[in-house]
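Chain residues, written in single-letter form:
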Amino acid sequence: VSSAWLDDADRKPHNAVNQGQGLALKCLLRFERDVQDPAVSLAIEDDERRAVVVVTTINEHEHTGSYRAGEEAVFAFWFQNVLAPGRYYATITVAHRGSGLELIDRYAREYSFIVTGSRATGGLVDLPFHTSFEVVGSAARPAAEQQVSA
(Lines give C-alpha, C1' and ligand atoms only; values in the text may rest on other atoms or scores of the structure.)
Protein backbone atom coordinates (compact mmCIF):
# COMPACT_ATOMS: atom_id res chain seq x y z
CA VAL A 1 0.00 0.00 0.00
CA SER A 2 1.64 3.23 -1.06
CA SER A 3 -1.05 5.83 -0.23
CA ALA A 4 -4.63 6.36 0.92
CA TRP A 5 -7.12 9.20 0.48
CA LEU A 6 -10.81 10.16 0.61
CA ASP A 7 -12.73 11.15 -2.52
CA ASP A 8 -16.14 12.80 -2.70
CA ALA A 9 -18.76 12.27 -5.41
CA ASP A 10 -16.78 14.59 -7.73
CA ARG A 11 -13.65 12.46 -7.14
CA LYS A 12 -11.90 15.32 -5.35
CA PRO A 13 -9.55 14.27 -2.53
CA HIS A 14 -10.26 15.50 1.03
CA ASN A 15 -8.76 15.20 4.50
CA ALA A 16 -11.82 16.72 6.22
CA VAL A 17 -15.37 15.74 5.28
CA ASN A 18 -18.89 16.58 6.41
CA GLN A 19 -21.35 14.11 7.86
CA GLY A 20 -23.94 12.85 5.41
CA GLN A 21 -21.97 13.05 2.17
CA GLY A 22 -21.10 10.10 -0.01
CA LEU A 23 -17.41 9.20 0.11
CA ALA A 24 -14.86 6.69 -1.07
CA LEU A 25 -11.80 5.76 0.96
CA LYS A 26 -9.25 4.65 -1.62
CA CYS A 27 -5.76 3.23 -1.51
CA LEU A 28 -3.11 2.71 -4.15
CA LEU A 29 -1.65 -0.79 -4.18
CA ARG A 30 1.72 -1.35 -5.84
CA PHE A 31 2.62 -5.02 -6.30
CA GLU A 32 6.25 -6.01 -5.72
CA ARG A 33 5.69 -9.57 -7.01
CA ASP A 34 2.99 -11.50 -8.88
CA VAL A 35 -0.19 -11.94 -6.83
CA GLN A 36 -3.39 -13.83 -7.63
CA ASP A 37 -6.70 -12.59 -6.10
CA PRO A 38 -5.38 -10.60 -3.15
CA ALA A 39 -7.82 -9.83 -0.32
CA VAL A 40 -7.95 -6.19 0.76
CA SER A 41 -9.37 -5.17 4.13
CA LEU A 42 -10.01 -1.74 5.59
CA ALA A 43 -10.54 -0.87 9.25
CA ILE A 44 -11.55 2.65 10.22
CA GLU A 45 -10.64 3.38 13.84
CA ASP A 46 -11.40 6.33 16.09
CA ASP A 47 -8.94 8.19 18.35
CA GLU A 48 -9.33 5.49 21.02
CA ARG A 49 -8.35 2.74 18.54
CA ARG A 50 -11.89 1.31 18.44
CA ALA A 51 -12.77 -0.26 15.10
CA VAL A 52 -15.79 1.68 13.86
CA VAL A 53 -16.01 0.07 10.41
CA VAL A 54 -14.31 -3.03 8.99
CA VAL A 55 -14.79 -4.12 5.37
CA THR A 56 -13.06 -6.66 3.19
CA THR A 57 -13.08 -7.81 -0.41
CA ILE A 58 -13.35 -11.40 0.86
CA ASN A 59 -17.14 -11.00 1.24
CA GLU A 60 -17.84 -9.21 -2.02
CA HIS A 61 -15.02 -9.95 -4.47
CA GLU A 62 -13.39 -13.33 -3.88
CA HIS A 63 -11.63 -13.01 -7.25
CA THR A 64 -9.96 -9.62 -7.32
CA GLY A 65 -7.67 -10.35 -10.27
CA SER A 66 -4.12 -11.23 -11.19
CA TYR A 67 -1.41 -8.64 -10.71
CA ARG A 68 2.14 -8.78 -12.05
CA ALA A 69 5.15 -7.35 -10.27
CA GLY A 70 5.23 -3.58 -10.88
CA GLU A 71 1.48 -3.22 -11.52
CA GLU A 72 -0.73 -0.87 -9.53
CA ALA A 73 -4.40 -1.01 -8.57
CA VAL A 74 -6.79 1.19 -6.60
CA PHE A 75 -9.04 -0.35 -3.95
CA ALA A 76 -12.11 1.77 -3.05
CA PHE A 77 -14.66 1.49 -0.24
CA TRP A 78 -17.74 3.61 -1.00
CA PHE A 79 -19.97 4.69 1.88
CA GLN A 80 -22.43 7.29 3.12
CA ASN A 81 -20.62 9.18 5.88
CA VAL A 82 -22.54 8.50 9.10
CA LEU A 83 -19.44 8.73 11.29
CA ALA A 84 -19.67 10.97 14.35
CA PRO A 85 -17.55 14.13 14.29
CA GLY A 86 -13.90 13.43 15.12
CA ARG A 87 -10.61 12.08 13.75
CA TYR A 88 -10.44 8.64 12.16
CA TYR A 89 -7.54 6.43 11.06
CA ALA A 90 -7.46 3.90 8.22
CA THR A 91 -5.66 0.58 8.50
CA ILE A 92 -5.44 -1.29 5.20
CA THR A 93 -4.21 -4.86 4.89
CA VAL A 94 -3.49 -6.84 1.76
CA ALA A 95 -3.34 -10.62 2.12
CA HIS A 96 -3.10 -13.69 -0.05
CA ARG A 97 -6.44 -15.24 -0.94
CA GLY A 98 -7.76 -17.69 1.63
CA SER A 99 -8.04 -17.02 5.33
CA GLY A 100 -6.60 -13.50 4.99
CA LEU A 101 -3.90 -14.32 7.52
CA GLU A 102 -0.96 -14.53 5.11
CA LEU A 103 -0.21 -10.82 4.86
CA ILE A 104 1.36 -9.14 1.86
CA ASP A 105 1.27 -5.60 3.28
CA ARG A 106 -0.20 -3.58 6.13
CA TYR A 107 -0.75 0.20 6.09
CA ALA A 108 -1.55 0.83 9.76
CA ARG A 109 -3.02 4.21 10.77
CA GLU A 110 -0.77 6.08 8.31
CA TYR A 111 -3.75 7.99 6.89
CA SER A 112 -6.23 9.95 8.98
CA PHE A 113 -9.17 12.18 8.21
CA ILE A 114 -11.55 14.42 10.12
CA VAL A 115 -15.34 14.26 10.08
CA THR A 116 -17.11 17.54 10.76
CA GLY A 117 -20.75 18.13 11.51
CA SER A 118 -23.23 19.41 14.02
CA ARG A 119 -24.91 16.07 14.64
CA ALA A 120 -23.20 14.27 17.52
CA THR A 121 -25.52 12.00 19.47
CA GLY A 122 -22.78 10.28 21.47
CA GLY A 123 -22.41 7.10 19.41
CA LEU A 124 -19.58 6.03 17.14
CA VAL A 125 -21.87 6.62 14.18
CA ASP A 126 -24.75 9.03 13.73
CA LEU A 127 -27.29 7.16 11.66
CA PRO A 128 -30.08 9.13 9.99
CA PHE A 129 -33.23 8.61 12.01
CA HIS A 130 -36.59 10.02 12.94
CA THR A 131 -38.56 9.63 16.13
CA SER A 132 -42.21 9.58 17.02
CA PHE A 133 -44.27 9.76 20.17
CA GLU A 134 -47.87 8.73 20.49
CA VAL A 135 -50.28 8.02 23.28
CA VAL A 136 -51.36 4.39 23.18
CA GLY A 137 -53.85 4.50 26.02
CA SER A 138 -54.16 4.49 29.74
CA ALA A 139 -56.59 2.93 32.17
CA ALA A 140 -57.00 6.37 33.79
CA ARG A 141 -58.11 8.12 30.56
CA PRO A 142 -61.54 7.88 29.00
CA ALA A 143 -61.61 6.38 25.49
CA ALA A 144 -62.33 9.76 23.84
CA GLU A 145 -59.06 11.23 25.17
CA GLN A 146 -56.97 8.33 23.81
CA GLN A 147 -57.42 9.39 20.21
CA VAL A 148 -54.63 11.48 18.78
CA SER A 149 -55.34 13.47 15.64
CA ALA A 150 -52.73 13.50 12.90
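The structure under discussion appears in the preceding block.
What comes next concerns the included structure. (Residues numbered from 1 in each chain as written. Predicted model: local features only at pLDDT ≥ 70, side-chain atom pairs only at ≥ 80, totals over all residues. Heavy atoms only, no water.)

Observations regarding the overall build of the chain
Of the regular secondary structure elements, the chain holds 1 helix and 11 strands. Along its sequence from the N terminus, the chain presents helices and strands in the succession β-β-β-β-β-β-β-α-β-β-β-β. The buried share among the 150 residues of the chain stands at 33%. The long-range share in the chain, meaning contacts at least 24 apart out of those at least 6 apart in sequence, stands at 67%. Carbon and sulfur atoms make up 49% of the accessible area of the chain, which totals about 9,600 Å². (Helix = DSSP H or I, 4+ residues; strand = E, 2+ residues; numbered from the N terminus. Buried < 20%, exposed > 50% of the residue type's maximum accessible area, 1.4 Å probe, protein only. Contact = heavy atoms within 4.5 Å. Areas by Shrake-Rupley, 256 points an atom, 1.4 Å probe, with all protein chains shown as cover.)

Quick notes on the sheet that holds strand E10 (residues 86-95)
The 5 strands are arranged E3-E11-E10-E6-E7 in an open sheet whose pairing can be described as mixed. Only two strands of the sheet have a single partner each, and these edge strands are strand E3 (16-18) and strand E7 (51-56). Going across the sheet, the axis of each strand differs from the next one's by a mean of 25°, ignoring polarity. The sheet contact formed by strand E6 (residues 39-46) and E10 spans 8 bridges and is antiparallel. Of the residues in E10, the one forming a bridge with aspartate 46 is tyrosine 88. (Pairing = 2+ DSSP bridges. Axes fitted to C-alpha atoms, helices over the stretch in contact; angles between N-to-C directions.)

Re the sheet that holds strand E4 (residues 22-30)
Taken in spatial order, the 4 strands of this open sheet run E2-E1-E4-E9, and their pairing is antiparallel. Here the strands that pair on one side only, and so sit at the sheet edges, are strand E2 (13-14) and strand E9 (72-80).

Regarding the environment of aspartate 47
Summarising the element assignment, aspartate 47 is placed in the loop between E6 and E7. Between the C-alpha atom of aspartate 47 and that of tyrosine 89, which follows or precedes it by 42 residues, the distance is 7.6 Å. With residues near it in sequence (within four places) discarded, aspartate 47 still touches Arg87, Tyr89 and Arg109.

Focus on the nonpolar core
One finds Leu25, Leu29, Leu42, Tyr88, Ile92 and Phe113 to be the most contacted residues of the largest nonpolar core, which totals 29 residues. Within the residue set of this core, elements represented by two or more residues are strand E1 (3-7), E4, E6, E9, E10 and strand E11 (103-116). Excluding anything up to four places from it in sequence, leucine 25 contacts Trp5, Leu6, Leu42, Ile44, Phe75, Ala76, Phe77, Phe79, Ala90 and Phe113. (Core = buried A, V, L, I, M, F, W, Y, C linked by side-chain atoms within 4.5 Å.)

Remarks on the environment of alanine 39
Following the sequence through the fold, alanine 39 ends up in strand E6. Put simply, alanine 39 and leucine 103 are 64 residues apart on the chain and 9.3 Å apart in space, counted from C-alpha to C-alpha.

A short note on the pattern of salt bridges
Per the counting criterion, the structure on display carries 6 salt bridges. The partner of aspartate 7 in a salt bridge is lysine 26, with the nearest N and O atoms 2.8 Å apart. With aspartate 7 in strand E1 and lysine 26 in strand E4, this pair connects stretches of sequence that are 19 residues apart. Using a relative accessible area of 8% as the deciding quantity, one classes lysine 26 as buried. (Salt bridge = Lys/Arg side-chain N within 4 Å of Asp/Glu carboxyl O.)

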